[in-house]
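Here is how the chains run, residue by residue.
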Amino acid sequence: MTGQLPPGEGDHYLHRTLPGAQVVTTRPLLTARENIADTVAARAMMCVYGAAGCGKTLAVNCGLRELEPGEEVRQITFRDRTTARAVRFEIFTALGLQGDAPAHPSEFDRLLKDALAVKPRTLVVDEAQWLNSEACGVRGCP
């Protein structure tokens, strides 16, 4: 990625195309792209954070667009304080899993882990600040 390029469909956080807009390749954008590529290659987890409006969603979407063509990317966006069950259901839906979603958390977790073990995917959670400690499944998560 060098110079300027047109933004992709949905790169902007409002998920709309901005006529005539160009993405300027800045050092933070290149850093995000490199970190995303490394994270996906390692099948690891990464967090992009910063002030509202500083270009996090744009940087992530630009970086994801540069992944291998066969990389399956699924995106989830949370807009309110959500529950762990809602998070599981959104992941179930984003992964395109067939059948009914399990009723019990342990069954749900097993299904999701098995599905990801069979076919790894890149899962992007936008607006993760809306996830509380219950939804994150991590003690001490804000």
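That block above? That's the structure.
This report concerns the structure included in the present document. The structure presented is a predicted model; accordingly, all values stated were derived computationally and were not measured.

## Structural notes on unusual backbone geometry
Working step 1: A positive phi angle, near 55°, is found at Arg43, a position not held by glycine.
Working step 2: Assignment of secondary structure puts Arg43 in the loop between α1 (27-42) and α2 (56-65).

## Regarding the layout of surface pockets
Working step 1: If you add up the space inside the second largest pocket, you get close to 290 Å³.
Working step 2: Around the second largest pocket, the lining comprises 16 residues; the ones closest to its centre are Pro28, Leu29, Ala32, Gly55 and Ala59.
Working step 3: Of all the secondary structure elements, the ones that give two or more residues to the lining of the second largest pocket are β2 (23-24), α1 and α2.
Working step 4: The residue makeup of the lining of the second largest pocket, split by class, is eleven nonpolar, four polar and one charged.

## Brief notes about the packing of helix α3 (residues 84-94) against helix α4 (residues 105-118)
Relative placement of two packed helices is described by the angle separating their axes and the distance separating the axes.
Working step 1: Contact geometry of α3 with α4 gives a least axis separation of 11 Å together with a crossing angle of 30°. Considering their axes alone, α3 and α4 lie roughly parallel with respect to each other. Note on packing geometry: the crossing formed by α3 with α4 is left-handed. Touching Arg85, Arg88, Phe89, Ile91 and Phe92 of α3 are Pro105, Phe108, Asp109, Leu111 and Leu112, all from α4.
Working step 2: Looking at the contact of α3 with α4, its residues break down into seven nonpolar, no polar and three charged.

## A short note on the packing of aromatic side chains
Working step 1: For the coordinates displayed, the defined rule picks out two aromatic pairs.
Working step 2: Here Phe89 and Phe92 contribute two aromatic rings whose centre-to-centre distance is 6.3 Å and whose plane-to-plane angle is 20°, an arrangement assigned as stacked. In this pair, Phe89 and Phe92 are both assigned in helix α3, three residues apart and thus about one turn of the helix distant.
Working step 3: Measuring from centroid to centroid gives 5.9 Å for Phe92 and Phe108, while their planes differ by 90°, and the two rings are edge-to-face. A residue pair is termed long-range when its members are at least 10 positions apart, and Phe92 in helix α3 and Phe108 in helix α4 qualify at 16 residues.
Working step 4: Assessed through its relative accessible area of 1%, Phe108 is described here as buried.
Working step 5: These aromatic residues form a ring-pair network of at least three members: Phe89, Phe92 and Phe108.

## Description of the pattern of salt bridges
Two side chains carrying opposite charge are able to pair once their charged atoms lie near each other.
Working step 1: Counting across every chain of the model gives eight salt bridges.
Working step 2: Put simply, Glu66 and Arg33 hold a salt bridge, and the shortest N to O gap is 3.4 Å. Of the two residues, Glu66 sits in the loop between α2 and β3 (73-77) while Arg33 sits in helix α1, which places them 33 residues apart along the sequence.
Working step 3: Here Glu66 falls in the partly exposed class, since its relative accessible area comes to 41%.
Working step 4: Between Arg121 and Glu72 there is a salt bridge, and its shortest N-O distance comes to 3.4 Å. Taken as a pair, Arg121 in the loop between α4 and β4 (122-126) and Glu72 in the loop between α2 and β3 lie far apart in primary sequence, 49 residues in all. Of the two residues, Arg121 and Glu72, both sit in the buried class.
Working step 5: Each of Glu72, Arg74, Lys119 and Arg121 takes part in a single network of salt bridges with overlapping partners.

About the thresholds
- Residues numbered from 1 in each chain as written.
- Predicted model: local features only at pLDDT ≥ 70, side-chain atom pairs only at ≥ 80, totals over all residues.
- Heavy atoms only, no water.
- Helix = DSSP H or I, 4+ residues; strand = E, 2+ residues; numbered from the N terminus.
- 1 Å grid on protein atoms, 1.4 Å probe; cavity = no way out; pocket = protein on both sides within 12 Å on 5 of 7 lines; lining within 4 Å.
- Points joined across faces, edges and corners; volume = space filled by probe spheres on them.
- Nonpolar A, V, L, I, M, F, W, Y, C, P; charged D, E, K, R; others polar.
- Axes fitted to C-alpha atoms, helices over the stretch in contact; angles between N-to-C directions.
- Parallel < 35°, antiparallel > 145°, perpendicular 65-115°, else oblique.
- Left-handed = near helix turned anticlockwise from the far one by under 90°.
- Contact = heavy atoms within 4.5 Å.
- Phe/Tyr/Trp six-rings, centres within 6.5 Å; stacked < 30°, edge-to-face > 60°.
- Buried < 20%, exposed > 50% of the residue type's maximum accessible area, 1.4 Å probe, protein only.
- Salt bridge = Lys/Arg side-chain N within 4 Å of Asp/Glu carboxyl O.

On their own, these measurements won't tell you what the molecule is for.
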